[in-house]
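What the coordinates show
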Amino acid sequence: MSSNKILVTGGCGYIGSHTTLLLFEAGFDVVVVDNLANSSKESLRRVEQLSGKTVELYQLDVRDNDALTAVFAKHEFKAVIHFAGLKAVGESTEIPLDYYDQNISGTINLLKVMQQFNCYQIVFSSSATVYGDPASVPITEDFPTSATNPYGRTKLFVEEILRDLSRADDQWHVIMLRYFNPIGAHQSGLIGEQPQGIPNNLMPFISQVAAGKRDKLSIFGGDYSTPDGTGIRDYIHVMDLSDAHVKAIHKIDGLVGTTTLNIGTGNGYSVLEMVHTFEEVTGVFVAHEIVERRAGDIAECWAEPKLASSVLGWKAKLNLNDMMTDTWRWQKDNPDGF
Ligand code: NAD
Ligand code: UDP
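Let us look at the structure shown here. Treat the numbers as computed from the prediction; the structure is a model and nothing was measured. (Residues numbered from 1 in each chain as written. Chains lettered and ligands numbered in written order. Predicted model: local features only at pLDDT ≥ 70, side-chain atom pairs only at ≥ 80, totals over all residues. Heavy atoms only, no water.)

**Overview of the overall build of the protein chain**
Looking only at helices and strands, the protein chain features 11 helices and 14 strands. For the protein chain, whose C-alpha radius of gyration is 19 Å, the value lies close to the compact-globule estimate of 20 Å for 338 residues. Expressed along its principal axes, the backbone C-alpha trace of the protein chain runs to roughly 55 × 45 × 40 Å. If you average the places of the 28 positive and of the 42 negative side-chain charges in the protein chain, the two averages end up 3 Å apart. (Helix = DSSP H or I, 4+ residues; strand = E, 2+ residues; numbered from the N terminus. Rg over C-alpha atoms; globule rule 2.2 N^0.38 Å. Lys, Arg positive; Asp, Glu negative; His and termini not counted. Charge placed at Lys NZ, Arg CZ, Asp CG, Glu CD.)

**Comments concerning unusual backbone geometry**
Omega for the peptide link from Val137 to Pro138 comes to 0°, which places this bond in the cis form. Residue position: Pro138 is located in the loop between strand E5 (121-127) and helix H6 (150-168). One non-glycine residue, Leu36, lies in the positive phi region at around 60°. Tracing the backbone shows Leu36 in the loop between strand E2 (29-34) and helix H2 (42-51). Classification of Leu36 as buried rests on a relative accessible area of 19%. One non-glycine residue, Asn118, lies in positive phi territory at about 55°. Structurally, Asn118 is set in the loop between helix H5 (96-116) and E5. Overall, the relative accessible area of 57% leaves Asn118 in the exposed class. (Buried < 20%, exposed > 50% of the residue type's maximum accessible area, 1.4 Å probe, protein only.)

**Some remarks on the side chain of Thr259**
Mapped onto the elements, Thr259 comes out in strand E11 (residues 257-263). With relative accessibility at 12%, the residue Thr259 sits in the buried group. In this view, Thr259 contacts Val174, Ile175, Met176 and Val311; residues no more than four positions away in its chain are not counted. (Contact = heavy atoms within 4.5 Å.)

**Examining helix H8 (residues 238-251)**
Compared with an ideal rise of 1.5 Å per residue, which puts 14 residues at 20 Å, H8 spans 20 Å between its outermost C-alpha atoms and is within 8% of the ideal. Most of H8 is tucked away, with 11 of its 14 residues classed as buried. Turning to H8, its buried residues are Val238, Met239, Asp240, Leu241, Ser242, Asp243, Ala244, His245, Val246, Ala248 and Ile249. (Expected span 1.5 Å × (residues − 1).)

**Some points on the sheet that holds E5**
One open sheet holds the seven strands; their spatial order is E3-E2-E1-E4-E5-E6-E11, and the pairing between them is parallel. Where the open sheet ends on each side, the last strands, each with one partner, are strand E3 (56-59) and E11. Within the sheet, the average angular offset between the axes of one strand and its neighbour, ignoring direction, is 20°. (Pairing = 2+ DSSP bridges. Axes fitted to C-alpha atoms, helices over the stretch in contact; angles between N-to-C directions.)

Written out as structure tokens, the structure is:
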């Protein structure tokens, strides 16, 4: 019988912890590797609490060949879901070598070890950032790709590496999921996103202002060519995003070569709509002011998610109100994170 065990790299992190929970609920066994660079073990303890299952965690760096080899020697994996990597755009412009090393060398090392152990199925965390500044919206998977910062380039390069690999060897089954903007948290309020320091992303910033941890939200630009002048994004609930991974694992046996899919809702919301919806849903005021645009930001970006629907049978089910309610529950119940 083939293995039912999934290796989740970066499984202690935001998306990895939610996906680990859903994998358990779908009946898979899960092994996690994570170096805890941007997370804590507590997230998995809470996944265990929610699932009633035990997670085997190996604290290691995906660049460490010996350590990763030892994990593969011990377990037979059906597939790998590869979340591990660094993700802060601003930081990537300051320490590009770290980003290239962790995100690209880390992935190459993982792929070599997978090959050595005849594990040829991988789901990779890509990003809508690979579309650069899209010529129009909604964005389909065949849009041209580009990058404006080292983080985005690591996603582009890894996508190319995975394409080259599956062209060279048809044993590979590669699913690259291009995430739009993940927000929200598990409905229990037990797991969620824990940004280190000052949040770069909109949603954790809004919830920290609402919680009184920050004075006010700076809205980056009020003069974009959008209906209210603020930037528009496709926000997707982390539970829907995690569900896309489980569906990808269910389908991966039949998907030879590379499959590239947008994972978004197909709806765009402006920054002001996000602030106002949060206020309506939670009843909590979010102080804000419009400031200069942030360098590198684009006006609008949302997905055409039809391909994921036809290939995976996946669709986002949760709406913006759910995203706000769940973000706020997580923030209130865990004011200082895990
Ligand atoms: P996260 O930082 O919460 O999770 C990443 C996990 O990987 C962390 O637990 C971290 O400790 C671990 N890690 C980092 N480098 C590692 C290494 N070298 N070896 C082992 N473990 C390592 O981030 P997330 O939001 O859960 O994102 C997961 C993946 O999705 C990342 O690859 C990210 O680039 C990608 N992604 C995220 C978003 C987003 O907005 N959150 C959007 C698009 C794509
Ligand atoms: N944004 C903002 N203030 C913040 C953080 C983000 O106005 O403190 C805006 C940003 O300009 C963009 C949207 O919110 O229009 C989403 O930004 P985020 O960093 O969350 O995701 P991105 O799409 O940039 O990856």
